[in-house]
Amino acid sequence: MAKSGAVRKPEAVAPPPRGERALRAAELDRLIHERVRLGIVSALAVNDALTFNELKALLKTTDGNLSVHARKLEEAQYITCSKSFAGRIPKTEYRLTAAGRRALERYLDHMEALIRATRQG
Amino acid sequence: MASPRPLHDRALDNLRYIRQTMERAGSFTAVPGWGQIAVGTTALAAALVAARQRTPELWLATWLGAAIVALAIGGWTMVRKAYAVDDPILSGPGRRFWLSFLAPMAVGGLLTVVLYRASVWHALPGTWLLLYGTGFVTGGAFSVRVVPVMGLCFMIVGAAALLGPPAWGNWCLAAGFGGLHIVFGGIIARRYGG
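Model, not experiment: these values are computed from the prediction. (Residues numbered from 1 in each chain as written. Chains lettered and ligands numbered in written order. Predicted model: local features only at pLDDT ≥ 70, side-chain atom pairs only at ≥ 80, totals over all residues.)

*Asks:* Explain the overall build of chain B here, please?
*Replies:* Of regular secondary structure, chain B possesses seven helices and zero strands. Listed by position from the N terminus, the elements making up chain B come as α-α-α-α-α-α-α. The 194 residues of chain B split such that 42% are buried. (Helix = DSSP H or I, 4+ residues; strand = E, 2+ residues; numbered from the N terminus. Buried ≥ 20, exposed ≤ 12 C-beta atoms within 10 Å, placed from the backbone.)

*Asks:* For this particular structure, what's the right way to read the pairing of strand β3 (residues 89-96) of chain A?
*Replies:* Regular strands place their side chains on alternate faces of the sheet. All names here are of chain A. Pairing between strand β1 (residues 50-51) and β3: two bridges, direction antiparallel. What sits directly across from Leu50, in β3, is Tyr94. Examined bridge by bridge, strand β2 (residues 79-86) and β3 share eight bridges and lie antiparallel to one another. Note that in β3 the partner of Lys83 across the bridge is Thr92. (Pairing = 2+ DSSP bridges.)

*Asks:* Mind showing me how you'd approach unusual backbone geometry here?
*Replies:* Apart from glycine, the bulk of residues carry a negative phi angle, and the bulk of peptide bonds sit in the trans form. Residue and element names in this part refer to chain A. For Lys60, which is not glycine, the phi torsion reads 50 degrees and is therefore positive. Structurally, Lys60 can be placed in the loop between α4 (52-59) and α5 (63-75). The phi dihedral of Gln77 falls on the positive side, at around 60 degrees, and the residue is not glycine. Here Gln77 is to be found in the loop between α5 and β2. Its 12 C-beta neighbours within 10 Å are what place Gln77 among the exposed residues.

*Asks:* Whenever I open this one, the packing of helix α3 (residues 35-45) of chain A against α5 of chain A confuses me. Can you help?
*Replies:* For any two helices packed against each other, one specifies the crossing angle of their axes together with the interaxial distance. Residue and element names in this part refer to chain A. Contact geometry for α3 and α5: axes closest at 9 Å, N-to-C directions at 70 degrees. Taken as axis vectors, α3 and α5 run roughly perpendicular relative to one another. Considering only the axes of α3 and α5, their crossing is right-handed. Across the interface between the two elements, Val36, Arg37, Ile40 and Val41 of α3 pack against Asn65, Leu66, His69, Ala70, Lys72 and Leu73 of α5. Partitioned by chemical class, the residues of the contact of α3 with α5 number six nonpolar, two polar and two charged. (Axes fitted to C-alpha atoms, helices over the stretch in contact; angles between N-to-C directions. Parallel < 35°, antiparallel > 145°, perpendicular 65-115°, else oblique. Left-handed = near helix turned anticlockwise from the far one by under 90°. Contact = placed C-beta atoms within 7 Å. Nonpolar A, V, L, I, M, F, W, Y, C, P; charged D, E, K, R; others polar.)

*Asks:* Please explain the environment of Val39 of chain B as it appears in this structure.
*Replies:* Of note, Val39 of chain B is situated in helix α2 (residues 33-51). Apart from residues no more than four positions distant in its own chain, Val39 of chain B is found in contact with Ala70, Ile73, Gly74 and His181 of chain B.

*Asks:* Any chance you could explain the sheet that holds β1 of chain A here in plain terms?
*Replies:* Sheet strands associate in pairs through backbone hydrogen bonding, adopting either a parallel or an antiparallel arrangement. Residue and element names in this part refer to chain A. Pairing is antiparallel in the open sheet, where three strands are placed in the order β1-β3-β2. Of all strands in the sheet, those bounded by a partner on one side alone are β1 and β2. In this fold α3 packs onto β1, β2 and β3, with an angle of close to 85 degrees to the strand it touches most, β3.

*Asks:* What is the right way to look at the interface of chain B and chain A in this model?
*Replies:* Reports of interface size often rely on the accessible area that becomes lost once the parts have come together. Of the residues lining the interface, 17 residues belong to chain B; the matching set on chain A comes to 19 residues. Across the side of chain B that touches chain A, the residue classes tally to nine nonpolar, six polar and two charged.

*Asks:* Could you clarify how one ought to interpret the packing of α3 of chain A against α4 of chain A in this entry?
*Replies:* Residues and elements named next belong to chain A. Where α3 meets α4, the closest approach of the two axes is 11 Å, and the angle between their N-to-C directions is 120 degrees. The orientation of α3 relative to α4 falls into the category oblique. Crossing angle aside, the handedness with which α3 passes α4 is right-handed. Touching Val36, Gly39, Ile40 and Ala43 of α3 are Leu55, Leu58 and Leu59, all from α4. Residue composition of the contact of α3 with α4, by class: six nonpolar, one polar and no charged.

In structure tokens:
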């Protein structure tokens, strides 16, 4: 410990594999790393907008699960949510924001960098 | 205890998941390959029957009958495939596919009436093939890559029917609605799940 004046010797552990170092180097976006949230962002990246029911069918998830994860992405301003009525039926529509698209691009870069690093290593 | 999966495996798995989600979200995958093979077979039969008709009206009736049969087969197999692959027909990419596909089909129907009234029989095969191909090129933008390619092939056969001698018409229909449906139906059935 510093107080005792002793210099702590680094532990003799093997360095992490190269790919792992690459992964640690850039902070992983935990928000979209989760499967359902990654699915929401990926699906919205190739569509202008998707309704709640379309996303639910696409990701094969439950109402509760989807709404919890969508809310987290909304709070991070990765997606926007608009509610309207189609006749008498309520319609919830999601869109990807510029920040969300950038986050997905960063995540893709991160995964590709990790794969490259492990192949080179 | 199972050893944790290597990071690059997880990264590959994540990339695969993103790609699959984007494909399912962005393209209409319920174009039925086996249905197209069945439609192609009925079109080949229709071409043989139509070639034996003595009047243009009977020739037209034969092809319109074949179109109704094809619509029934295509519709039924598409609904079955849509359920099987969990790809909604009337929402998301499916809706965009249909909006793009049906506009040239409506034009084709209208032009058929106009050309029939004007007795311009020889222009019918080329018009049908061109507009059917146009439907697949435009709708195919929201489907798997092979669909617009198939549309382009229909357009080429349609152009040959329109610019070639009138005697080619019936056989261009056989080559297009018969041959191309069977060939591309086989590709779709093999590569895209039925």
